[in-house]
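The lines below spell out each chain.
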Amino acid sequence: MLQSATNLISCVGLTTLFLSFFWVNSSPPDDPINCLSSKTSSHCTVTNSYGEFPDRTICEVSNVYYPKTEQELLAFVSMASKNKTKVKVSTRYSHSIPKLVCPDSQKGNNMLISTLYLNRTLAINASTMTMTVESGATLKDVIEGSAKFGMALPNGPYWWGLTIGGLISTGAHGSSLWGVGSSVHDYIEQLRIITPAGSSEGYAKIRIIDSSHPHINAAKVSLGVLGVISQVTLRLEPMFKRSITMFQSNDSDLEEQAVNFGKEHEFADITWYPSQRKAVYRIDDRVSSNVSGNGLNNFIGFRSTPTLLMAIIRSLEESQESTRDVNGKCITAKMTTSILATAGLSFTNDGKTFKGYPVIGFQNRLQASGSCLDSPHDNQITACPWDHRVKSQYFHQTTISIALPNVKNFIEDIQKLRDIEPQSFCNAELYNGILMRYVKASNAYLGKQEDAIDFDITYYRSKNPNKPRLHEDVFEEVEQLGIFKHGGIPHWGKNRNVAFEGVIRKFAKAGEFLKVKNLYDPFGIFSSEWTDQILGLGDGVSIVKGGCALEGLCICSDDLHCAPEKGYFCRPGRDYKDARVCRHFKQV
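Note that the coordinates shown come from a computational prediction; the quantities given were computed from them, not determined experimentally. (Residues numbered from 1 in each chain as written. Predicted model: local features only at pLDDT ≥ 70, side-chain atom pairs only at ≥ 80, totals over all residues. Heavy atoms only, no water.)

Draft legend 1. Inspection of the sheet that holds strand S14 (residues 269-273) at higher detail. Ordered by their spatial adjacency, eight strands build an open sheet running S19-S13-S15-S14-S22-S23-S21-S24, and the pairing between neighbours is antiparallel. The sheet is open, and its two borders are formed by strand S19 (359-362) and strand S24 (489-490), each paired with just one other strand. Sheet topology note: the S14/strand S22 (residues 434-439) ladder contains four bridges and is antiparallel. Bridge pairing in S22 places Thr271 opposite Leu435. Against the sheet, helix H6 (residues 254-264) makes contact with strand S13 (241-250), S14, strand S15 (278-287), S22 and strand S23 (452-460), and its axis sits at roughly 10° relative to S15, the strand it touches most. (Pairing = 2+ DSSP bridges. Helix = DSSP H or I, 4+ residues; strand = E, 2+ residues; numbered from the N terminus. Contact = heavy atoms within 4.5 Å. Axes fitted to C-alpha atoms, helices over the stretch in contact; angles between N-to-C directions.)

See below:
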C-alpha cells in the first residue's frame, strides 16, 4: 500500500529515464468507488487503486455516503447502527490490497462511507507541537501543513498518497528503530472515533481517545473494525534536516550487516538485489539545519509516466513471461537498477538535478513523494505507473516483518534459494529489488510485536489468474519461509491471502483488542467476512480451488491447485521442505 509501496518502478533503458524526467502532466488516480447512479450514489462497486483484490472478486455496495463534517459522519453511522447495516470506510485512493474496504452482504443491504471530503487541517499548535487533521487528509497534507509552521512528522511511509485514517489503521510505517520508531500510529496524541451506540445515545457516539486512554492501543491500529476515525492529532517535532548517502556493497555479508545498520543510522534502509548479489545501503541521518542543502525526493516510480511507455514495458514483461525469457528479465532488471543508481534514485541536490551524495535537505522535502497525484487531468496520456485504467504495472506484493533475531536466518534462506536458481529474483529486481525497512516494536495490540525488518517484495502478476509465473515456486517459498518458518508478521494493507493464515495468533494481546472491538461495535456493524477471518473469528482466509496457489489464495496440497496442464505441479520447497509450492517441469 502501497504503498508502500516504494518498489513500483519498472524501467526500460534510457528512454524510460528521459521520459520520467521530462513528462510532468498526469491523470491522477480515479475514485475507487463507481456507482450506476451518480445522483444517489447507489448500486456501486469499490476496488483498490490497483483495480483488483487478491481474489479478483467485485465488491458490491448498496449505497455510498460522502460526509463533509463530523456531524454528518455521526449521522451516517447512526443510520447504519440503527438498521444493523454493514458498513465500511473508503479512502481517497484506496491503497490497501486486501479486502479491508469491502462490507458484507455483497448483494444485500450494506453501505460505504468515503472520507474523500473529510480532508481538512483543523488545528496546528506550535507550542504543543501537535497537528489535528480529519482522517481523510493525506500524508502529504500533514507534511506540507506542518512545514509551514516549522514542524515535521518524524516518520512516515515513503508514498504520500495515503490518508491518515487509512495508514494508521493498517500500521503503515517508514524506516527507523530510533525514538518511538517509524510507525505513524505511535505519534498519535489523540483520535476521535465514531462508533455504534444504543438508542439512548442516538445509535452512534463520538469517542475521544488520547494517548493515556486505556483503549488507545486498540484504536490506533484498528483495521477499521471499531468504527470510523473522524479526527487525528499527531505529535510533531521542530523541522530538521537530513543527509542521505547511498553506497553499494556485495551481499555476501548482508545477513550480518542488516541488523546493526538500522541501529547506526536513524532513517536507514537497504535495497537488496539477490540475483545481482548486491545491496544498496542508505545512510540517512539528521544534520544541523545550518548545513547547506535543499535536496528533494521525487522518486521516479511515483512520478507521472506516459501510458504508451507503460504499455510497452508491460508488454515486454508479458512477452518475457510467455516465452520464459529469464535472461531477458535479468538484462532489463540490471538496466533498471543501473539507471536508478545513476539518477540518484530520484533524489536531487537542489530540487532539479542530482549532482552526487550526500543529498542534504529538510525533512518535508526528503521523507516522501508522489508527484503523479499533483498534476491536472490529461486524458490519461500520462498516469501513475500502477493506474489500472490503462495497461500498466500489475503485481503481487509480499510484505513481511521479520523480528531482528530471525533476520539473519531469513536472509540466509533467501540466499540459498538464490544460489539454487541464480536468476530467480530478477522478477523482483524489475521492481527495484527487495526493500528492507526498519520497524520498531509498538504497544498497539495489532502493531509490530518486536523490533523488525520489513521485507517488501513486488513481483509480476498475470492478468490471467490461471497463468503461472516464471519462478513461481521461488516466490511462494520465500513467502512461506517468512510467514511460517520465521514467524513474520504481514503488513495489514498488503500481501496475498496466504500471508494472513493464522495471523492473529502472532499477536500477544489480540484478546485485548477483541474485547475493545466487542465493546465498541457489539453487533459487528464494521466487521466483514475478511476481517473476521484475519481476526480469528471466522474460517481461514484460504480459498481452495483449481489454480488457487498461483494467486496466493491457498498453499497447494494437490497438483490441481497449481497448473498441471502448463507443467506446474505441487511440490515441497527446494530448501524449506515444509513449504508446498508450484514448480515448473519441462514438458516432454
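Draft legend 2. Representation of the pairing of strand S6 (residues 121-125) in the model. Of the strand pairs in this sheet, S6 and strand S7 (residues 130-134) are connected by four bridges, and their pairing is antiparallel. From the neighbouring strand, Ala123 faces S7, where its bridge partner is Thr132.

Draft legend 3. Representation of the confidence of the model for the chain in the model. With 94% of its residues at a pLDDT of 70 or more, the chain has an overall mean of 93. Throughout residues 1-24 the model reports pLDDT below 50, and contacts reaching past four residues in sequence, or to other chains, amount to 80 contacts. (pLDDT = per-residue confidence, 0-100.)

Draft legend 4. View of the side chain of Glu134. With respect to the secondary-structure elements, Glu134 resides in strand S7. Dropping the residues within four chain positions of it, Glu134 is found in contact with Lys68, Tyr117, Leu118, Asn119, Arg120, Leu122, Ser230 and Gln231.

Draft legend 5. Layout of the nonpolar core. Leu226, Leu234, Leu446, Trp492, Phe513, Ile534 and Leu535 are the most contacted members of the largest nonpolar core, which totals 67 residues. Mapped by element, the contributors of at least two residues to this core are S7, helix H3 (139-147), helix H4 (164-169), strand S9 (188-196), helix H5 (216-219), strand S11 (228-235), helix H13 (510-520) and helix H14 (529-534). If near-sequence neighbours (up to four positions away) are discounted, Leu226 is found in contact with Ile193, Thr195, Pro196, Ala218, Ala219, Phe513, Val516, Lys517, Tyr520 and Asp521. Of all hydrophobic cores here, the second largest spans 36 residues; its members include Phe410, Ile457, Val478 and Ala579. (Core = buried A, V, L, I, M, F, W, Y, C linked by side-chain atoms within 4.5 Å. Buried < 20%, exposed > 50% of the residue type's maximum accessible area, 1.4 Å probe, protein only.)

Draft legend 6. Fine view of the packing of helix H10 (residues 404-420) against helix H12 (residues 472-485). One way to put it is that H10 packs onto H12 with a least axis distance of 11 Å and a crossing angle of 160°. Relative to H12, the element H10 is oriented roughly antiparallel. At the point where H10 passes H12, the crossing takes the right-handed sense. Contacts between H10 and H12 involve Phe410, Asp413, Ile414 and Leu417 on the former and, on the latter, Val474, Glu477, Val478, Leu481, Gly482 and Lys485. (Parallel < 35°, antiparallel > 145°, perpendicular 65-115°, else oblique. Left-handed = near helix turned anticlockwise from the far one by under 90°.)

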